[in-house]
Amino acid sequence: MTAISVAVMWSHFSFGQREAIDAIKAKIDSIENRENFTPDKPYIDLINQLGELYYNIDPDSTFVLGMKSLEASERAKYTEGVVDAYRNIGAYHNLRGEYDQAMGYFEEGLQLSGEVQYWQGMANIYNSMGLNYYDRGLLEESVTVYLQALEIKEQHLSESEQSKTLSNLGLVFLDLGDFEKALRYHNRALEIRKATQNVPGIAYSMANIGEVYKDNGDLEKSLQNYQASLKIGEEIDNRQLVSVCHFNIGDIYLKQGIFEEALFHFETALNLDRERNDKVGISYDLLGVGEAQMKLGNTTAAKKAIEQGLDVALESNLKDEVQKAHLLLSELYEKESNLSKALYHYKIHKTYQDSILNQGTKIEIQKLTTEYALAKREAEFLQAQRESELRNEAKMEQRLRTGVTIILVILLIAFFIALRSAKSQIKAREVVTRQKNELEKLNKKILLQKNEIEKVANQMFEVNQTKDKLFSIVGHDLKSPINSLKGLMQYVVDEKLTQEEFLLVSAQLRNEVEQVHFTLINLLHWAKGQMKGIVTDTEKVSINKILKEITSLYKPVSEAKDITIRDNLEPHTDCLVDREQCNLIMRNLLNNALKFTNRGGNISISSKKVDDSYWEISIQDDGIGIDSQTLTKLFTPALKEKHRYGTAGEKGTGLGLQLTKDFVKINGGDIHVKSELGKGSTFTFTLPIA
């Protein structure tokens, strides 16, 4: 409900469906009531269209009409009708989660459409296969078949058909977190729909664009697009679209702290979804109403709405909404000082959240794998394209050699005829010399092409090595802390804890989650840098503010080890750097200092100007120090080597210092370290002054 995505996947026929269904049913009844009625191609096409329209309203009717069309098409030997029937039957199985059965029908239809070159049917089946893969989380395969559908539509079908596939591609890339590509595909779809004056399509495209901006944190642009989509939805009386827009506008206002406006839009969406009996939408709306009421201080109304939303979520098996409802009830009871009920709902919230987080981790790893596979496939495509060019050039070379041979034969004949003519002899030699030079140039060109092929092969080898390193870290360095976290969570669930014990365990849980999160952040930045290169977006950044945030973040760690952190930074230590990369530089170095400083130790962070061009920032600790052998290769990538443990048994991936050096260098600075075993270490780096 927070996105239009689910609706758009099959929304191409949702506008005015009731009117269209009634019109087609009237035509079918008229044909069937004729004397000597025999199913023909126009009749079969109407049956398939009706089945397609029923998909969002009555899927069982889609299946019945698909079987009816299949029987009639086979009797009439109408291959195009069989293709469309297979697609509708497969779509029915897809909706029921019977993905293998659905794919069987799609593959049969795809083969038949290829035999008769039925381009519309082939493109539609590729779209349906894309949804099948999308629903199963196979995003790489989904992108592949959607691109095949788009290629067919660009070559054989209208721009209006292309816009549907472009929207679906935008949704897949939004799920992958690639906002730039998602926005690009949705904007292309919007341009086509504007050009073809497809008003309903324009509304859905604007809602999809609003979702991209919302997920990317640009709430103002998101609000503008949803408001524009809402206006169109009200004009064409599409209540599903109007409901979705009201909910998302309410969600944006809630994030902006405009609670009265948020409540109005949530309640409007709720009324519309109740009219449509949309259980999923009702659950989302009720929780939105409850949260807005709670922010406004109306606890009784908030509790009623949240409890109703929880009931609907449980009935519809919406785990994310169930855990959200319990969290809201926990906060509500805590405000009422009913701590026992607050704790009860919080425990249930954590149980559901744990299940969702485990699934989220799998999805993140799958996204990394998909991004790698897409990059590899692109490299393979480029190599195949290059090999094809080389084959064409080889053919041209053969033709050239044949031509040269013919010319040489003619020249030899001319040479023997004009043997006694010195002038003719000189000309013949010049021709031979020229041809020889051309052949040498051609050989050099072939050598350069060979070098290019070897370069592509080396790049593919490096991509494969990056993949191996990535999975090595995921398999070894994340498995242990996640298992530890899982065990701690199980202990919380199984043991009956007092409030004091629960608070102690909660603190430990927070530290465990923060450590896993920090390791994953380092891993993702390293993998992104390996695959796509590091990209910076420089701005004026306050190191003083970043240090305060990080010191607060690591306060539980420093207190647990009784370590004193001293902020000796000069006031207004402002640098011209990438904010996120600077944050990770400071966080990695402070995390490293805390890890290798003994209990009761000290850490000092200071800064000074160098030539009015750079800030020199130092992080000094009195920890265990670094031996000379380790110091020489401290910043050298060594993912498979054994890493040192901290003074409290802390373990890392070995990526932190490597990422730190890369980020410092890419932001125009330098880094070095001084250390003495048993006395501590000082990491010093420079960054440009803002």
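Residue numbers run consecutively from 1 along every chain, following the written order of its sequence. Per-residue local features of the predicted model are confined to residues with pLDDT of at least 70, and side-chain atom pairs are confined, for both listing and counting, to 80 or more; whole-chain, interface and lining totals are unaffected and use all residues. Neither water nor hydrogens contribute to the side-chain values; these are computed over all heavy atoms in the structure.

(A) A look at the nonpolar core. Residues Leu169, Val172, Phe173 and Phe266 are the most contacted members of the largest nonpolar core, which totals 48 residues. Here Phe266 is in contact with Phe247, Gly250, Asp251, Leu254, Asp285, Gly288, Val289 and Ala292, once residues within four sequence places are set aside. Among buried residues, the Ala, Val, Leu, Ile, Met, Phe, Trp, Tyr and Cys ones that are joined through side-chain atoms within 4.5 Å form a nonpolar core. Three exposure classes are used, based on accessible area relative to the maximum for each residue type with a 1.4 Å probe and protein chains only: buried under 20%, partly exposed in between, and exposed over 50%. Of all hydrophobic cores here, the second largest spans 35 residues; its members include Val577, Met586, Ile626 and Val664. Should any heavy atoms of two residues lie within 4.5 Å, those residues are counted as being in contact.

(B) Representation of helix H24 (residues 579-595). Put simply, DSSP H or I for four residues or longer makes a helix, DSSP E for two residues or longer makes a strand, and each gets a number counted from the N terminus. Helices are assigned an expected span. That span is 1.5 Å times one less than the residue count. Taking 1.5 Å as the rise per residue, H24 with 17 residues should run 24 Å; its terminal C-alpha atoms sit 24 Å apart, in good agreement. Contacts described as polar in this section are N or O atom pairs within 3.5 Å, which, within protein, must combine one atom able to donate a hydrogen with one able to accept it, while residues neighboring in sequence count only if both atoms come from side chains. Where H24 begins, one side-chain oxygen reaches toward the backbone nitrogen of Glu580, 3.1 Å away; that side chain belongs to Asp578.

(C) Focus on the pairing of strand E6 (residues 671-676). Being paired, for any two strands, means DSSP has found at least two bridges between them. With six bridges joining them, E6 and strand E7 (residues 680-688) adopt antiparallel strand pairing. The residue bridging His672 from the neighbouring strand is Thr684, located in E7. In textbook terms, the turn of a hairpin is the stretch between consecutive antiparallel strands, and for E6 and E7 this stretch comprises three residues, one of which, Gly678, has a positive phi near 90 degrees.

(D) The packing of aromatic side chains, seen in detail. Pairing of aromatic rings covers Phe, Tyr and Trp, the last counted by its six-membered ring, and requires centre-to-centre distances within 6.5 Å; plane angles under 30 degrees mean stacked, over 60 mean edge-to-face, and any other angle means tilted. This structure, assessed with the given rule, holds six aromatic pairs. Taken together, a centroid distance of 5.6 Å and an interplanar angle of 10 degrees make the contact between Phe173 and Tyr185 stacked. With Phe173 in helix H9 (residues 159-175) and Tyr185 in helix H10 (residues 179-195), the pair connects residues that are 12 residues apart, well separated along the chain. Of the two residues, Phe173 and Tyr185, both sit in the buried class. Seen from their ring centres, Phe247 and Phe266 are 5.4 Å apart, and the 55 degrees between their planes marks the pair as tilted. Taken as a pair, Phe247 in helix H13 (residues 239-256) and Phe266 in helix H14 (residues 259-276) lie far apart in primary sequence, 19 residues in all.

(E) Spatial organisation of the pairing of strand E5 (residues 614-621). Counted residue by residue, E5 has six buried out of eight residues, so it is predominantly covered. The sheet contact formed by strand E4 (residues 602-610) and E5 spans eight bridges and is antiparallel. What sits directly across from Val610, in E5, is Tyr614. Two successive antiparallel strands, E4 and E5, enclose a turn made up of three residues, where Asp611 displays a positive phi of approximately 60 degrees. When E5 meets E7, the two strands line up antiparallel, connected through eight bridges. Looking across to E7, one finds that Ser618 is bridged to Thr684.

(F) Structural detail: the side chain of His345. For His345, the location among the structural elements is in helix H18 (residues 339-417). Aside from chain neighbours lying at most four places away, what touches His345 is His326, Leu329, Ser330 and Tyr333.

(G) Molecular detail of the packing of helix H12 (residues 219-235) against H13. Orientation is described by axes fitted as lines to C-alpha atoms, over the contacting stretch for helices, and by angles from 0 to 180 degrees between their N-to-C directions. Interaxial distance between H12 and H13 falls to 9 Å at its minimum, and their mutual angle equals 155 degrees. When the interaxial angle is binned, H12 and H13 end up roughly antiparallel. The chirality of how H12 crosses H13 is left-handed. Side by side, H12 and H13 meet where Leu219, Glu220, Ser222, Leu223, Tyr226, Gln227, Ser229, Leu230, Gly233 and Glu234 of the first sit next to Leu241, Val242, Cys245, His246, Asn248, Ile249, Ile252, Tyr253, Lys255 and Gln256 of the second. By residue class, the composition of the contact of H12 with H13 is 10 nonpolar, seven polar and three charged. Roughly parallel here means an angle under 35 degrees, roughly antiparallel means over 145, roughly perpendicular means 65 to 115, and every remaining angle is called oblique. Throughout, a crossing is termed right-handed when the near helix is turned clockwise from the far one, and left-handed when it is turned anticlockwise from it by less than a right angle. Residue polarity follows a fixed list, in which Ala, Val, Leu, Ile, Met, Phe, Trp, Tyr, Cys and Pro are nonpolar, Asp, Glu, Lys and Arg are charged, and the others, Gly among them, are polar.

(H) Fine view of helix H3 (residues 41-53). Taking 1.5 Å of rise per residue, 13 residues should cover 18 Å, and H3 covers 19 Å from first to last C-alpha, within 8% of that figure. Two to three positions downstream of the cap, the backbone nitrogen of Tyr43 sits 3.1 Å from a side-chain oxygen, assigning the N-cap of H3 to Asp40.

(I) Geometry of the sheet that holds E4. Pairing is mixed across the open sheet formed by five strands, whose spatial order is E2-E4-E5-E7-E6. Looking at the sheet topology across the chains shown, the edges are occupied by strand E2 (564-568) and E6. Across the sheet, the mean angle from the axis of one strand to that of its neighbour is 15 degrees, orientation sign disregarded. With five bridges joining them, E2 and E4 adopt parallel strand pairing. Note on E4: the bridge partner recorded for Asn568 is Ser606.

(J) Examining unusual backbone geometry more closely. Phi is positive for Asp237, which is not a glycine, with a value near 55 degrees. Mapped onto the elements, Asp237 comes out in the loop between H12 and H13. With a relative accessible area of 54%, Asp237 lands in the exposed category.

(K) Main features of a nonpolar patch on the surface. Patch membership requires more than 30% relative accessible area and the absence of a salt bridge. Residues of like charge join within 9 Å; the nonpolar side chains Val, Leu, Ile, Met, Phe, Trp and Tyr join within 5 Å. Surface accessibility in these figures is a Shrake-Rupley result with a 1.4 Å probe; residues are shielded only by whichever protein chains are displayed. Counted as salt bridges are all cases of a side-chain nitrogen of Lys or Arg within 4 Å of a carboxyl oxygen of Asp or Glu. Together, Val409, Ile413 and Ile417 make up an exposed nonpolar region whose accessible area comes to about 310 Å². Here Ile417 shows up in helix H18. With a relative accessible area of 70%, Ile417 lands in the exposed category.

(L) A look at the pattern of salt bridges. For the structure shown, the criterion picks out 17 salt bridges. Between Glu291 and Lys324 there is a salt bridge, with its nearest N and O atoms 3.8 Å apart. Residue Glu291 is found in helix H15 (residues 279-295), and its partner Lys324 is found in helix H17 (residues 319-335); the two are separated by 33 residues along the sequence. A network of salt bridges, in which partner residues are shared, links Lys153, Glu161 and Lys164.

(M) Inspection of the environment of Glu559 at higher detail. Mapped onto the fold, Glu559 is located in helix H23 (residues 555-560). On the basis of relative accessibility, which here comes to 52%, the residue Glu559 falls in the exposed class. Spatially, the C-alpha atoms of Glu559 and Arg599 are 9.5 Å apart, while their sequence positions differ by 40 residues.

(N) Fine view of the environment of Leu314. Of note, Leu314 is situated in helix H16 (residues 299-316). With relative accessibility at 44%, the residue Leu314 sits in the partly exposed group. Beyond its immediate sequence surroundings of up to four residues, Leu314 is in contact with Val322 and Tyr352.

(O) Just the packing of H16 against H17, in detail. The geometry of H16 relative to H17 is characterised by a closest axis approach of 9 Å and an angle of 155 degrees between their N-to-C directions. With respect to H17, the element H16 is oriented roughly antiparallel. In this structure, the crossing between H16 and H17 has a hand that is left-handed. Of the residues in H17, those in contact with Thr299, Ala302, Lys303, Ile306, Glu307, Leu310, Ala313 and Leu314 of H16 are Glu321, Val322, Ala325, His326, Leu328, Leu329, Leu332 and Tyr333. Residues that form the contact of H16 with H17 fall into these classes: 11 nonpolar, two polar and three charged.

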